[in-house]
Amino acid sequence: MNLSHHLMKNQRGCPDMNEVRVRIAPSPSGFLHVGIARTAIYNWLFARHHKGVFILRIEDTDPSRSSPEMVEAIIESLKWLGLDRDEGPYYQSQRKELHQKYAQKLLETKKAYFCFCTPQELEEKRKKAKASKADWKYDRTCLKLSDAEKEKKIRKGEPRAIRLLVPSGKTEFDDLVYKHLEKENEDIDDLIIVRSDGRPTYNFACVVDDVEMRISHIIRGNDHISNTFKQILIYKAFELTPPKFAHIPLILGKDKAKVSKRHGAISVMEYKEQGFLREAFLNFLALLGWSPKDNREILSTEKMIELFSLEGVNPANPIFDPEKLEWMNGEYIRASDNEKLCDLVIPFLIKENLITDKTAKQKRERLLKFVSLFKERCKTLKDFAEKGKYFFAFDYRYEPKAVSEHFNSAEDVQRLNTFVQRLDQLERFEKEKIEQALRNLTDEMKIKPAPLIHTVRLAATGTSSGPPLFDILELLGREEVVKRIKKAVEFIKTKFN
RNA sequence: GUCCCCAUCGUCUAGCCCGGCCUAGGACACCGCCCUUUCACGGCGGCAGCACCGGUUCAAAUCCGGUUGGGGACGCCA
C-alpha cells in the first residue's frame, strides 16, 4: 500500500513542521454567512500574522447539497472581505480515490471494518432507542460477524460502508481556546468513514485532506468539538500526530441560537448591499469573540493581523449585535476620505435612480461635496441615498410634523417671497452670501434667524433636519432653490385658504 | 435522553491562567448636559454587571465543588 508522499513525510516528521497552514472548509450548500465568515477571518488573520498559508477547500462530498453557484458565492464573499487565499479552492469531491486509499489502509490494519447494515435498519434502531429514551450508539452488529458471514455478504454483493473501530479509552487534546478537552471513547460511536457508494464522509475526508494539505492548525466553530474527538481517533488510527486545534465560539443570533443556514443566516454579501464597508464589517466580526485587550475597537486590517492571537479568543458564545455594527460602520464612514467614500456611495445612488453612471462622472465635484456634507450623518452607504435623496430629486412630500411647525402662518409666504428676491439679487450664490442675505432680512423684520432658517430648510428639502442649511442651498444652486421655495409658497397658500 | 462546552452591565468585552492594585475598566444602546439654525458629529456626565449556593484563604470576579441557566453535538449531512 503506497499512501501519498505527504502522509509518509508526516510520519517521519515534516521538515517544515513549523509552517503555519490553515484552511477554511465550507460546504457549498449555502452562501457565506457571518458564522463561516468569522471563522474565515480568524483563519486568515492567523495565517497572515504567522506569515503562513491560507487555503480554501470546498467540502462537497455530498453532491445533492452542493452547487457551483454556491461555490461562486462563497468565493465572491471572501473576495469582498479581502481574505485573499494562497491555495485552493480544492474540491473534496475530486479527491475520492485518495480518501478510499486511506480507508483501505485502515481496513488492512483492522482499525476499521465493513458494515452491511442498511440506512433503513439503522434508522429503525435509532428510532427504537429514542422511543425508549435510551441513547443511541451503533451496536457493532457487523463487527461481530464471522469471517464466513462477511465473505458471504461480500459475495452476494451487499452494499457495505466502512466504519471506524473506536478503541476503548479516552480521547483528549489541548485546544488553543478551550484548553484541555476530553471525552470517554465509549461515548463515541463507530462512525462511518466511507459510505456504501464509496464516497467518504465528512469526518474522514476532512482528516485525510488536512493531512495531505499539511494543515498545521484547525480553526473552526466550537460546534465541531464533538467531531474533533472523532477526527483525533482517525489520526490515531493512522498513527499520525493531529494538528493543533482551536475551536472558536459560535456566533449566536438575538434569540441566542446558533447562526446557521437553517437559522436566520444571511449572506455577507447582504451586508455589502446594505451599505456596510468591508473594513468595518471585518473589524466588527473579528471583535466578536476576540479582543486585543487594550480597549481598542477600531482596528485597521493591518493592526488586526499584527495583534491577532488565538489566546485572545473568549470561549463564550457572543450574540451578534447589528446596532454596534452600524455604529462601527459609521465610524469608518466618517474616517473615510471623500474620494473613496464617493466611489462607494455612487452605486447606491444609481440603484435608487437618483443619478446615472454618466452624471456621476460629470458631477463628481458636486457629489464630493454631497458626501462630505452627509458623512457625519450616515451609518451605512445606503443612508446617503435615503437621507440625501432631496439633492437629486424634487419630488418629496413635506414632513407633516415639520409643516405644522415651520409652515404655520401666512407670514411665512411673505418671508419666503422676500427671501427669494434677495437670493435673486445675490451676485454670487455662495453659502456666506446666502447666510448674510438671510440674516439681513431677519434683522430687518426684527425676528430671529432660526424660524426662517427652518422654514427655508423645509421648503428646500422637505425635512426639518440635515446638514447646515447654507451648505445645502449653495450645493442645490440658485435656480433649484428658487424653484423649490416658490413651490413651497404655493403649498402654504393652499394650506391657509 | 446521552455527551461536550460556556457563564462579568440589555449587548460586545477587559480583569480570571499567575487571588490583594476592582469602590470591577472600556465600547454599543439608552438618559441628561454642553456645542449648535435643525439633525448629526464631538465633549462631559449618568444608568447598568461578577448567575446562585457552599468551600479554600487573612483576602475570591479570580482557585475548588455543586446548583441553575445558556449553547453545541449526537446522520451512509457538512
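Residues numbered from 1 in each chain as written. Chains lettered and ligands numbered in written order. Predicted model: local features only at pLDDT ≥ 70, side-chain atom pairs only at ≥ 80, totals over all residues. Heavy atoms only, no water.

Engineer: Which parts of the structure should I look at to understand the sheet that holds strand E5 (residues 161-164)?
Structural biologist: Backbone-to-backbone hydrogen bonds pair the strands of a sheet. The strands run either parallel or antiparallel. Strands sit in the order E4-E5-E8 across an open sheet of three strands; the sheet is antiparallel. The open sheet is flanked by strand E4 (112-115) and strand E8 (192-194), the only strands paired with a single partner. Strand-to-strand twist in this sheet, taken as the mean axis angle between neighbours without regard to direction, amounts to 45 degrees. (Pairing = 2+ DSSP bridges. Helix = DSSP H or I, 4+ residues; strand = E, 2+ residues; numbered from the N terminus. Axes fitted to C-alpha atoms, helices over the stretch in contact; angles between N-to-C directions.)

Engineer: I tried to follow the protein's contact with RNA strand B on my own but got confused; where do I start?
Structural biologist: Around RNA strand B, 65 residues are found, and the nearest of them are Thr61, Cys117, Arg195, Ser226 and Glu376. Taking all atoms of RNA strand B within 4 Å of the protein, the share assigned to sugar and phosphate is 75%. Separating a sugar or linking oxygen of RNA strand B from a backbone N or O atom of leucine 287 is a distance of 3.5 Å. Contacts to RNA strand B include histidine 454, whose side-chain N or O atom sits 2.5 Å from a sugar or linking oxygen. Counting only elements with at least two residues in the surface near RNA strand B, the list comes to helix H5 (119-131), strand E7 (179-184), helix H8 (225-237), helix H12 (322-335), helix H20 (449-461) and helix H21 (469-476). (Near = heavy atom within 4 Å. Polar contact = N/O pair within 3.5 Å; in protein donor to acceptor, adjacent residues only side chain to side chain.)

Engineer: Would you mind going over the confidence of the model for chain A with me for this structure?
Structural biologist: Atomic detail in the predicted coordinates should be set aside for any region of low pLDDT. Within chain A, residue pLDDT values average 91, and 96% of them lie at 70 or more. Contacts of residues 1-15 to residues separated by more than four positions or lying in other chains number 26 contacts, the stretch itself having pLDDT below 50. (pLDDT = per-residue confidence, 0-100. Contact = heavy atoms within 4.5 Å.)

Engineer: What is the right way to look at the nonpolar core in this model?
Structural biologist: Within soluble globular proteins, side chains that are nonpolar generally end up buried alongside one another. Membership of the largest hydrophobic core comes to 147 residues, with the highest contact counts inside it found for Ile193, Phe204, Leu285, Phe384 and Ile485. The element best represented in this core is helix H2 (residues 34-49), accounting for ten residues. Discounting chain neighbours no more than four positions away, the residues touching leucine 285 are Val34, Ala37, Arg38, Ile41, Tyr42, Ile251 and Phe320. (Core = buried A, V, L, I, M, F, W, Y, C linked by side-chain atoms within 4.5 Å. Buried < 20%, exposed > 50% of the residue type's maximum accessible area, 1.4 Å probe, protein only.)

Engineer: Hey, could you run me through the pairing of E5 in this one?
Structural biologist: Regular strands show a simple pattern: their side chains alternate between the two faces of the sheet. Side chains Ala161 and Arg163 of E5 all project onto a buried face; the interleaved residues Ile162 and Leu164 project onto the opposite face, where all are buried too. As paired strands, E4 and E5 are joined by four bridges and run antiparallel to one another. When the sheet's bridge partners are listed, cysteine 115 is paired in E5 with alanine 161. In this sheet, E8 lies alongside E5 in antiparallel orientation, the contact comprising two bridges. When the sheet's bridge partners are listed, isoleucine 162 is paired in E8 with valine 194.

Engineer: Help me out: how do you make sense of the packing of helix H19 (residues 431-444) against H20 in this one?
Structural biologist: Angle between the axes and distance between the axes are the two parameters that describe a pair of packed helices. In contact at an axis separation of 9 Å, H19 and H20 are set at 125 degrees when each is read in the N-to-C sense. When the axes of H19 and H20 are compared, the pair comes out oblique. Our pair here, H19 against H20, has a crossing hand that is right-handed. Here Leu438, Arg439, Leu441 and Thr442 of H19 come into contact with H20, specifically with Pro449, Leu452, Ile453 and Val456. (Parallel < 35°, antiparallel > 145°, perpendicular 65-115°, else oblique. Left-handed = near helix turned anticlockwise from the far one by under 90°.)

Engineer: Can you help me understand the packing of aromatic side chains in this one?
Structural biologist: Aromatic ring pairs are reported here in terms of the distance separating the ring centres and the angle at which the planes meet. Per the counting criterion, the structure on display carries 25 aromatic pairs. Here tryptophan 290 and phenylalanine 308 contribute two aromatic rings whose centre-to-centre distance is 5.3 Å and whose plane-to-plane angle is 50 degrees, an arrangement assigned as tilted. Of this pair, tryptophan 290 sits in the loop between helix H10 (278-286) and helix H11 (301-307) while phenylalanine 308 sits in the loop between H11 and H12; the two residues are 18 residues apart in sequence, bridging distant segments of the chain. For the pair formed by tryptophan 290 and phenylalanine 308, the shared burial category is buried. (Phe/Tyr/Trp six-rings, centres within 6.5 Å; stacked < 30°, edge-to-face > 60°.)

Engineer: Would you explain the pairing of E7 in this entry?
Structural biologist: Bridge analysis of strand E6 (residues 170-175) against E7 gives six bridges, and the strand direction is antiparallel. Opposite phenylalanine 173, over in E7, you have leucine 181 as the bridge partner. Where E6 hands over to E7, the hairpin turn is made up of three residues, counted between the paired strands.

Engineer: Sorry, what's going on with H21 here?
Structural biologist: Note on helix geometry: an α-helix contains 3.6 residues per turn, so any two residues three or four positions apart are oriented the same way. Most of H21 is tucked away, with six of its eight residues classed as buried. Every buried residue belonging to H21 is among Leu469, Phe470, Ile472, Leu473, Leu475 and Leu476, and all of these are buried. For H21, the secondary structure elements touched by its buried residues are helix H15 (364-374), helix H18 (410-425), H19, H20 and helix H22 (478-496). Downstream of H21 by one or two residues, glycine 477 has phi in the positive range, about 95 degrees.

Engineer: Mind showing me how you'd approach the sheet that holds strand E1 (residues 21-24) here?
Structural biologist: An order of E1-E2-E3 is seen for the three strands of this open sheet, with the pairing classed as parallel. In the strand order of this sheet, the two ends are held by E1 and strand E3 (87-91), each with one partner. Strand-to-strand twist in this sheet, taken as the mean axis angle between neighbours without regard to direction, amounts to 25 degrees. Sheet analysis places strand E2 (residues 53-58) next to E3, joined by three bridges and oriented parallel. Among the inter-strand pairings, isoleucine 55 is bridged to a residue of E3, identified as glutamate 87.

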